[in-house]
Amino acid sequence: MKNLLIKSAIASSVVLSLATITRPATAASFSISIEDAGKQTANYSNLLSYNVQNFDGSTTGYSAAGLQWTGVGNYTNTLIVDKDQYGGAGGTGKYFDVDTSRSGNKQTVSTLDLTNNPQSYFGLWWSAGDANNVLEFYSKGSLVERITTADVVSYIAKLPNKTSYYGNPNSPTQNTGEPYAFINFYDVAGTFDQVKFTNVGGTGFESDNHTVATGYKSITGNVIRAVPESSSMLGIFAIGFVGAASVMTRQAKKKSVLQLS
């Protein structure tokens, strides 16, 4: 019995070690929340070492070279537009766009490079969402999260006041058929170093008040996807436990672990 317990402990340690070593570095998990209807900024008091880019100081028009976000990173292949019915937080200033038509068919993708400053939080006012909008997060070149306007629409549909998110909140009678919402992305498993904005088609991917943070106190807003921050380590310990149990019982049962998506 003593030998069996020793073997079990060793097996558990080996499995746990292998699980830790082989765990994909890019297996990030994001919790996502939406601020109340009409809100166009992040909950700054909840963020640690945060920075905000509102584009108001940027030059209007398309630029292949993009623009620098001082102390944070740099955008490439950018289009900055004066406020209109489709964007411009607060109904003033300028906003960020990805638009083949407005850029003269030069732009379908714009990238925010954070290589020197990986972040664990990103938020943006996603305005005038349409079917061509795609937002992606990368870590060391690997895709770790992807969201489309269809996802945003399905998330909003879960909220009790879903109709309040449609139409430009700065001018409620404008563009009432498209969603406007400030969305929070929390990387609970690590950090990301690139954000990619894609829009293929004749429409635009409008957004404003891009916000990044190296940390956060808690996940706030109307949570529409929750991923426990301890899920990764719990999964590893679960694997180790299963390994030990299989040695002790000498059974060849397959185990499955359900995770929130």
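Treat the numbers as computed from the prediction; the structure is a model and nothing was measured.

Enquirer: Now, about the environment of Val144: what can you tell me, with residues and values included?
Expert: One can find Val144 in strand 11 (residues 142-148). Measuring from C-alpha to C-alpha, the distance between Val144 and Thr191 comes to 9.7 Å, with 47 residues separating the pair along the chain.

Enquirer: Before we move on, can you summarise the pairing of strand 10 (residues 133-139) with the specific residues and values?
Expert: The element strand 10 is extensively covered by neighbouring structure, given that seven of its seven residues are classed as buried. Side chains Asn133, Leu135, Phe137 and Ser139 of strand 10 all project onto a buried face; the interleaved residues Val134, Glu136 and Tyr138 project onto the opposite face, where all are buried too. Alignment of strand 10 against strand 13 (residues 194-199), held across six bridges, turns out to be antiparallel. For Asn133, the partnering residue across the bridge sits in strand 13 and is Asn199. As judged from the six bridges shared by strand 10 and strand 11, these two strands associate in the antiparallel manner.

Enquirer: Go over the packing of aromatic side chains, please, and point to the residues and values.
Expert: Within the structure shown, the criterion is met by 17 aromatic pairs. Ring geometry for Tyr121 against Tyr186: centres 5.2 Å apart, planes inclined by 55°, an arrangement best described as tilted. Here the residue Tyr121 occupies a position in strand 9 (residues 121-127), and Tyr186 occupies one in strand 12 (residues 181-187), the gap between them amounting to 65 residues. Classification of Tyr186 as buried rests on a relative accessible area of 1%. Ring-pair connections join several aromatic residues into one group, and the members of that group are Phe30, Phe55, Trp69, Tyr75, Phe96, Phe122, Trp126, Phe137, Phe185, Phe192, Phe197 and Phe205.

Enquirer: I'd love a proper account of the pattern of salt bridges, names of residues and values included.
Expert: Within the structure shown, the criterion is met by five salt bridges. Ionic pairing is found between Glu35 and Lys39, a salt bridge with its closest N-O pair at 3.5 Å. For the salt bridge of Glu145 with Arg225, the shortest nitrogen-to-oxygen distance reads 2.9 Å. Here Glu145, found in strand 11, pairs with Arg225, found in strand 15 (residues 222-225); they are 80 residues apart in sequence, far enough to count as distant. Glu145 sits in the buried class, given a relative accessible area of 9%. According to the relative accessible area criterion, Arg225 is buried, its value standing at 16%. A network of salt bridges, in which partner residues are shared, links Asp84, Asp97 and Arg102.

Enquirer: Account for the sheet that holds strand 13, with residues named and values stated.
Expert: Strand order in the open sheet made by the six strands is 4-5-8-13-10-11, with antiparallel pairing throughout. Either end of the sheet is taken by a strand with one partner, and the two such strands are strand 4 (67-69) and strand 11. Within this sheet the neighbouring strands show an average axis-to-axis angle of 20°, counted without direction. In this structure, strand 8 (residues 109-113) lies alongside strand 13, joined through five bridges in antiparallel fashion. Within strand 13, the residue paired with Ser110 across the bridge is Phe197. Strands strand 10 and strand 11 of the sheet are contacted by helix 2 (residues 149-157), whose axis makes an angle of about 60° with strand 11.

Enquirer: Explain helix 2 to me, and be specific about the residues and the numbers.
Expert: Of the residues making up helix 2, those classed as buried are Thr149, Val152, Tyr155 and Ile156. Summarising the axial view, the buried residues of helix 2 lie within an arc of 115°, below the 170-degree limit, and thus occupy one face. Its buried side turned inward, helix 2 meets strand 1 (30-34), strand 9, strand 10, strand 11, strand 12 and strand 15.

Enquirer: Now, about the nonpolar core: what can you tell me, with residues and values included?
Expert: Ile34, Phe122, Leu135, Phe137, Phe185, Val195 and Phe197 are the most contacted members of the largest nonpolar core, which has 34 residues in total. Counting 13 residues, the second largest nonpolar core, distinct from the first, contains Ala89, Ala213, Tyr216 and Val227.

Enquirer: Pulling in residues and values, what's your account of the side chain of Thr100?
Expert: Structurally, the position occupied by Thr100 is in the loop between strand 7 (94-97) and strand 8. A distance of 2.5 Å separates a polar atom in the side chain of Thr100 from the backbone oxygen of Gly201. Each residue touching Thr100, except ones within four places of it in the same chain, is listed here: Asn105, Lys106, Gln107, Thr108, Asn199, Gly201, Gly202 and Thr203.

Enquirer: Just give me the short version of the environment of Glu136, but keep the residues and values in it.
Expert: Secondary-structure assignment places Glu136 in strand 10. Separated by ten residues in the primary sequence, Glu136 and Arg146 place their C-alpha atoms 4.4 Å from one another. Not counting the four nearest positions on each side in its chain, Glu136 is found in contact with Leu143, Glu145, Arg146, Gln194, Val195 and Lys196. Within the structure, Glu136 has its side chain in polar contact with the side chain of Tyr138 (distance 3.0 Å).

Rules behind the numbers
- Residues numbered from 1 in each chain as written.
- Predicted model: local features only at pLDDT ≥ 70, side-chain atom pairs only at ≥ 80, totals over all residues.
- Heavy atoms only, no water.
- Helix = DSSP H or I, 4+ residues; strand = E, 2+ residues; numbered from the N terminus.
- Buried < 20%, exposed > 50% of the residue type's maximum accessible area, 1.4 Å probe, protein only.
- Pairing = 2+ DSSP bridges.
- Phe/Tyr/Trp six-rings, centres within 6.5 Å; stacked < 30°, edge-to-face > 60°.
- Salt bridge = Lys/Arg side-chain N within 4 Å of Asp/Glu carboxyl O.
- Axes fitted to C-alpha atoms, helices over the stretch in contact; angles between N-to-C directions.
- Contact = heavy atoms within 4.5 Å.
- Arc of directions from axis to C-beta.
- Core = buried A, V, L, I, M, F, W, Y, C linked by side-chain atoms within 4.5 Å.
- Polar contact = N/O pair within 3.5 Å; in protein donor to acceptor, adjacent residues only side chain to side chain.

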